Amino acid sequence: MQRAEDKERGLLAIQVEDQVFRFARAVYDGGLRCYKPQSVIPISQFRTFPTKALASEEARRLSWPQKNVQRIGNRFGVAWGLKLGPLHDYFLADYS
């Protein structure tokens, strides 16, 4: 497993065997009661799902724990995303 992190831009890439997972940072906002993006990529490039059931299905497909499904959004809307883990503030994203 290889890991590359850019803390300044809020991006993380992890390579597991032949698969590369890309993540972007988001921090918890108590006022919104969800995680708010804090990276250089917009929320549209985070891998989000309209319902928790769809996000849980994707987590199952990736063999990730269900507790990694968390709310992510901004003041305009909220969706469900896949968080890297309980100790990390990174969510699965689609960027290149």
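Refer to the structure printed above.
The rules we used
Residues numbered from 1 in each chain as written. Predicted model: local features only at pLDDT ≥ 70, side-chain atom pairs only at ≥ 80, totals over all residues. Heavy atoms only, no water. Helix = DSSP H or I, 4+ residues; strand = E, 2+ residues; numbered from the N terminus. Rg over C-alpha atoms; globule rule 2.2 N^0.38 Å. Buried < 20%, exposed > 50% of the residue type's maximum accessible area, 1.4 Å probe, protein only. Contact = heavy atoms within 4.5 Å. Areas by Shrake-Rupley, 256 points an atom, 1.4 Å probe, with all protein chains shown as cover. Lys, Arg positive; Asp, Glu negative; His and termini not counted. Charge placed at Lys NZ, Arg CZ, Asp CG, Glu CD. Core = buried A, V, L, I, M, F, W, Y, C linked by side-chain atoms within 4.5 Å. Salt bridge = Lys/Arg side-chain N within 4 Å of Asp/Glu carboxyl O. Polar contact = N/O pair within 3.5 Å; in protein donor to acceptor, adjacent residues only side chain to side chain.

K.L.:
Would you mind going over the overall build of the protein in detail, with residue names and values included?
P.N.:
Secondary structure summary: the protein contains one helix and eight strands in total. Helices (α) and strands (β) of the protein occur, in sequence order from the N terminus, as β-β-β-β-β-α-β-β-β. Over its C-alpha trace the protein gives a radius of gyration of 13 Å, about what one expects of a compact globule, namely 12 Å for 96 residues. If you line up the protein on its principal axes, its C-alpha atoms span 35 × 30 × 25 Å. For the protein, with 96 residues in total, the buried portion stands at 38%. Sequence separation of at least 24 residues holds for 48% of the intrachain contacts in the protein that already meet a minimum separation of 6. Within the structure as shown, the protein displays about 6100 Å² of accessible surface, and the carbon and sulfur contribution to it stands at 48%. Across the protein, the 15 positively charged side chains and the 10 negatively charged ones have centroids separated by 7 Å.

K.L.:
Report on the nonpolar core, specifying residues and quantitative values.
P.N.:
One broad trend across soluble globular proteins is that nonpolar side chains are buried collectively. Counting residues in hydrophobic clusters, the biggest one holds 14 residues, and the most contacted among them are Phe-21, Phe-23, Leu-62, Trp-64, Val-69, Leu-82 and Leu-92. Setting aside residues no more than four positions away along its own chain, Leu-62 makes contact with Phe-21, Leu-82 and Leu-92. Core analysis: the next-biggest nonpolar cluster, separate from the first, contains 10 residues, Ala-24, Tyr-35, Ile-72 and Phe-91 among them.

K.L.:
How would you summarise the side chain of Lys-83 if you had to cite specific residues and measurements?
P.N.:
Along the chain, the position of Lys-83 falls in the loop between strand E7 (77–82) and strand E8 (90–92). Salt bridges are absent for the buried Lys-83, whose nearest opposite-charge side chain, Asp-89, sits at 4.0 Å. Only 2.7 Å separates the side chain of Lys-83 from the side chain of Tyr-35, close enough to count as a polar contact. Excluding residues that lie within four positions of it along the chain, Lys-83 makes contacts with Tyr-35, Trp-64, Asn-68, Gln-70, His-88, Asp-89, Tyr-90 and Phe-91.

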